[in-house]
Amino acid sequence: MLEIKNLHARIGEKEILRGVNLVVPDGEIHAIMGPNGAGKSTLSYVLSGRDGYEVTEGEAIYDGQNILDLAPEDRAAAGIFLAFQYPVELPGVGNANFLRTALNAIRRKRGEEELDAVAFLKQARAAVKSLHMKEDFLKRNVNVGFSGGEKKRNEMLQMALLQPGLAILDETDSGLDIDALKIVADGVNALRGPKFSALVITHYQRLLDHIVPDVVHVLSAGRIVRSGPKELALELEAHGYAGLEAA
Amino acid sequence: MTALPTRKLEAWRYTDLRQLASIEFAAPPPVVAPTLPNIDLPRLVFLNGTLAKELSSPFEYVHNFQTIAEDSTQPLALINAEKAHDGMTLHVPAGVDAGTLLLISYAAGSVPFAFHLRHRITLGEGAKLTLIEIAKGEGVYWHDPVIDISLEQGAKFAHIRLQDESREAFHLATIRARVAEAAAYDHFTATIGAKLSRTEISATLTGTGALAHLNGAQLLTGTQHGDFTTVVAHKAPGCPSRQTVKSVLAGTARGVFQGRIEVDRVAQQTDGFQLSQALLLSPGAEMDIKPELEIFADDVKCSHGATIGALDAEQLFYLRSRGIPDDQARSMLIRAFLEEALEPVTQPEARALLEEAIDNWWVKQ
Amino acid sequence: MSTTDMQALAEQKYKYGFTTDIEMEAFPRGLNEDIIRMISAKKDEPDWMLQWRLKAYAAWLQMEEPNWAKLHHPPIDYQDLYYYAAPAKAQPKSLDEVDPELLKTYEKLGIPLHERAALAGVAVDAVFDSVSVATTFRETLSKAGVIFCPISEAVREHPELVREYLGSVVPVRDNYFAALNSAVFSDGSFVYIPKGVRCPMELSTYFRINAKNTGQFERTLIIADEAASVSYLEGCTAPMRDENQLHAAVVELVALDEAKIKYSTVQNWYPGDAEGKGGIYNFVTKRGACRGRNSKISWTQVETGSAITWKYPSCILQGDGSVGEFYSVAVTNNYQQADTGTKMIHLGKNTTSTIISKGISAGHSNNTYRGLVKISATASGARNFTQCDSLLIGDQCGAHTVPYIENRSISAKVEHEATTSKIAEDQLFYCRSRGLSQEDAVGLIVNGFCKDVLKELPMEFAVEAQKLLSVSLEGSVG
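No experiment lies behind these values; they were computed from the predicted model shown.

Rules used throughout
- Here the residue numbers are simple positions, counted from 1 along each chain's written sequence.
- Ligands are numbered from 1 and chains lettered from A, in the order in which they are written.
- At least 70 in pLDDT is required for a residue's local features to be given in this predicted model, at least 80 for side-chain atom pairs to be given and counted, and no such filter applies to totals for whole chains, interfaces and linings, which use all residues.
- For the side-chain quantities, the full set of heavy atoms in the structure was used; hydrogens and water were omitted.
- We count a stretch as a helix when DSSP gives it H or I for four or more residues in a row; a strand needs E for two or more, and each element gets its number in order from the N terminus.
- Every radius of gyration here is taken over C-alpha atoms, with the globule rule written as 2.2 Å times N^0.38, N being the number of residues.
- Accessibility here uses a 1.4 Å probe with only protein chains present; expressed as a share of the type maximum, an area under 20% marks a residue as buried, one over 50% as exposed, and anything in between as partly exposed.
- Whether two residues are in contact is decided by their heavy atoms, any of which lying within 4.5 Å being enough.
- For every accessible area listed, the method is Shrake-Rupley and the probe measures 1.4 Å; residues are considered covered only by the protein chains on display.
- As used throughout, the charge tally considers Lys and Arg to be positive and Asp and Glu to be negative, leaving His and the chain termini uncounted.
- Taken as the charge location is NZ of Lys, CZ of Arg, CG of Asp or CD of Glu.
- When two components associate, each loses some accessible surface as probed by a 1.4 Å sphere; the sum of these losses over both components is called the buried area.
- Salt bridge, as applied in this entry: a Lys or Arg side-chain nitrogen positioned within 4 Å of an Asp or Glu carboxyl oxygen.
- One requirement defines pairing of two strands: DSSP has to find at least two bridges between them.
- To get an axis, a line is fitted to the C-alpha atoms, and for a helix only the part in contact is used. The angle between two axes follows their N-to-C directions and goes from 0 to 180 degrees.
- Cysteine sulfur atoms are paired as a disulfide whenever they come within 2.5 Å of each other.

**Notes on the overall build of chain A**
For step 1, the next point in the chain: Of regular secondary structure, chain A possesses eight helices and 12 strands.
For step 2, the next point in the chain: In summary, chain A has a C-alpha radius of gyration of 18 Å against a globular reference of 18 Å for 247 residues, a match within 12%.
For step 3, the next point in the chain: By principal-axis analysis of the C-alpha atoms, chain A measures approximately 55 × 40 × 35 Å.
For step 4, the next point in the chain: Considering chain A as a whole, with its 247 residues, one finds that 52% of them fall into the buried category.
For step 5, the next point in the chain: When contacts within chain A are restricted to residue pairs at least 6 apart in sequence, long-range pairs at least 24 apart make up 67% of them.
For step 6, the next point in the chain: For chain A, the accessible surface area stands at approximately 10800 Å², while carbon and sulfur atoms represent 48% of it.
For step 7, the next point in the chain: Distance between charge centroids for chain A: 5 Å, based on 28 positive and 34 negative side chains.

Following this line, the structure appears as structure tokens:
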């Protein structure tokens, strides 16, 4: 379970998050919607531990520990996975090497045995196949020369292999066509289960047609201003974000 | 002795040999127990600058050392010509694939000493050779090798060097290659050792379709100074040349890359490319780059690129967000950074040797 | 083609090659302390200025002409030059008193000096050989508090500013030509923009060499006080003569906190004839100091003239957050030689520099970009981006790139790219199949190649510069 309490964060002098309160129980998928500049991406970066964001108040408890003090890799080992809005290119780093290094680092931290090359490749190939990707995906350099859709597929491949307990999707749908959107949705839906939860951050309702959320939250000016069932997303789509502060 | 070059010479503006000049170098002492790499390949071993026959394997194309007149104005090559008393003379006859040879220089002594190896390598028409050169040692010494290379039509020479000298040593290498029509010179030097080093390579492309590939990786730390200087002279039409040089600098190390592409009037359809990139890992490190183009033909494609910066924070975060610890993530990014320069090294023993050297370097950081 | 036709064609190529017939006053040939004392006396200078010059002269005598550039010329006999030449008539007090012959000259050059006829929004200081002959719009400017006057006048009228800043960016001993200039400089422009003032109009100086065997040693000093801004343009031409003439200028810019200076040059000194005879030796030191926080100095140059150009407009980025820019087009044709570029010295935190250089070589010319990007250990967060491209037209010319990059700051990011290419046959063919002549097509492609630089020029100059590029390359393809 993820529990965010009164989270304040800023970039430089500018306060972006001004007291976010949010609970995502295991097994649930929550959507966070909101206008540009509401603090959606900041929330995902603060949760995953990127530099440049200063938490000034509050905490984020995941599985009983405050993750805000952990290094990014320790958060990953704890089961948090951030699907990037703009996946980073790593020239010279092969995808298979990258995935295996990541998987084994996490397994090590969890006290599990590391996978040898053969066992890893078997798993990776199965994941590649189930995501309808070409096998040469594993040989290419991480995200280098990938199309937008391929990058998102690669994020889903990583998620499938790393098996996180909490996935944070940071506007993963931006700039995607409908096919790519489905890949992302399939990736998330495949992991659905009592021990998996997700925070789906999006500006548009359309992704939520494919990943149906249990709860929709509206983030505006650094605070959650409304929460409701999945129908809230449709309402927002119809009426926009104007007037939310008042609500 | 010919005077050492000073920084007043444009070619030496970034490398100061005053600390070398202040040392008195004795004649090389005998070596007692060399530590030699364990690679299963035919080898020539030089101990403190003298061929150690008992440690070398027979290689049928190696001949006795020959002194050669030096007609250049390169100060270090002139000094070498005055002092050299040993070296490898290697000739691979036309059409022969001589396989892979290991050339090892090991140096050790308790007082400062100097040695000046002079190697000459010629490949006849269509001949092939891979040479893996390793320079290692302990103590204070000055190793000043000159390697002259001549490749006849269609010959292919892969030249892979690991400079892993003592951290107190001076290594100043001059390598000169003449490459005839359709011949290829593939060079890679990894600079890891020596207190001060310079690898100066010139490749002259004299026939159509001659290729030069001059790559290097410098991994420096502490107060090390590493200089990688190249000149590719295109003197015939239609020759490609490629240079990729990567430097990783920790501590207060200083890296230098000077690379010049010269295109003669006759060298139309030249395709010259040069890339120099440096990673600074700590605040005291310094990188100086001087990539030059000197072009006298109009129908050419020449370019160079240079970047200097720290490790990319975005990439580091991406790796860490996937669970890879900071240290391992950095090492992966450094390996990836070097990969482009290492690409032409395909010979398995050479590849393994270099990868191990790079990983060891990182572990010590 | 007859000889006269040839002549006509040549003249059309360099349309500013005429001479002005006017009574001149010149000091004797050669250089010694007496000549310097005469220059100083002529300009009615205070003693400190004379002493400064003499010190510079003493320094110059100890120095040697630099030889590191890729330039070749016969030795210059510094004792064979005239160091001062000026129209004989007394200094005019107002435009109405300016010799009509001079007014005609500037009109012919496209720079009318009468304010009613002048380009709207551009104030001009006209320098003819060793003196400033007229400065327009002075009143308009002084209402805004802007000082725009000949530097000889500033030495007398604003000594506190001149003493503080002169030689503070380019020290007397900086280099051989700067030392020479410091000893013998005769005129040039002085600009001071007071705190918070945005200069209400473009300022410009038009330099004209007319007299034979005369060196021109102009000196320009521009100071933008806190939060001030100014755009300054400079143009230069000279008559066609068989002898080489020396032009050794020094330009110093100082930008204090938040100040902005944009300095644009269209350099069109006489380049010499098709055989390489005659033309100006343009040995110039230009440097700006971004002393203040978030200050900015931007150099834009279009270099088409001169037999030899030796020039590196530079920026010292001292203030935190300061910005330096260098945009350059250098065209060489026939036997011209250019060795030009910039230095960006990063000292302050978060300083940024951009270098865009486009070199075009044609005929038997040689064109070198030479640049230094230096990032000191104090310049955390510094950024540099450099792009130098060379274009070769014909197989008898040379294009060279000599960049120096020195970085000691771990958090700095330096990026450098350089390319060399020729005009692609298919581009030419495409243009010609659409009806363009070969020369028009080359002009079009070259202008496209230079676009990133030309767009930095003020509007009034951009059009002129584009025409100039095409004219400079005439006869280079055929």
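**A few points about the interface of chain A and chain B**
For step 1, the next point in the chain: Between chain A and chain B, the residue contacts involve 33 residues of the former and 17 residues of the latter.
For step 2, the next point in the chain: The contact between chain A and chain B buries some 2000 Å² in all, and 65% of this surface belongs to carbon and sulfur atoms.
For step 3, the next point in the chain: Three residues, Glu73, Phe84 and Val88 of chain A, lead the burial of chain A against chain B; their summed loss comes to 25% of the area buried on that side.
For step 4, the next point in the chain: Here chain A is connected to chain B by three salt bridges.

**Notes on the sheet that holds strand E9 (residues 166–170) of chain A**
All names here are of chain A.
For step 1, the next point in the chain: The mixed open sheet is built from six strands, whose spatial order is E6-E9-E10-E3-E11-E12. The sheet is open, and its two borders are formed by strand E6 (80–83) and strand E12 (223–228), each paired with just one other strand. On average, each strand axis in the sheet is inclined to that of its neighbour by 20°, with strand direction left out of account.
For step 2, the next point in the chain: When strand E3 (residues 29–33) meets strand E11 (residues 215–220), the two strands line up parallel, connected through four bridges. From the neighbouring strand, Ile32 faces E11, where its bridge partner is His217.

**Side note on the state of the cysteines**
Two cysteines form a disulfide when their sulfur atoms are joined by a covalent bond.
For step 1, the next point in the chain: All told, the structure shown has zero disulfides over all chains when counted by the stated rule.
For step 2, the next point in the chain: Left without a disulfide partner, Cys149 of chain C is nearest to the cysteine sulfur of Cys199 of chain C, which lies 13 Å away.

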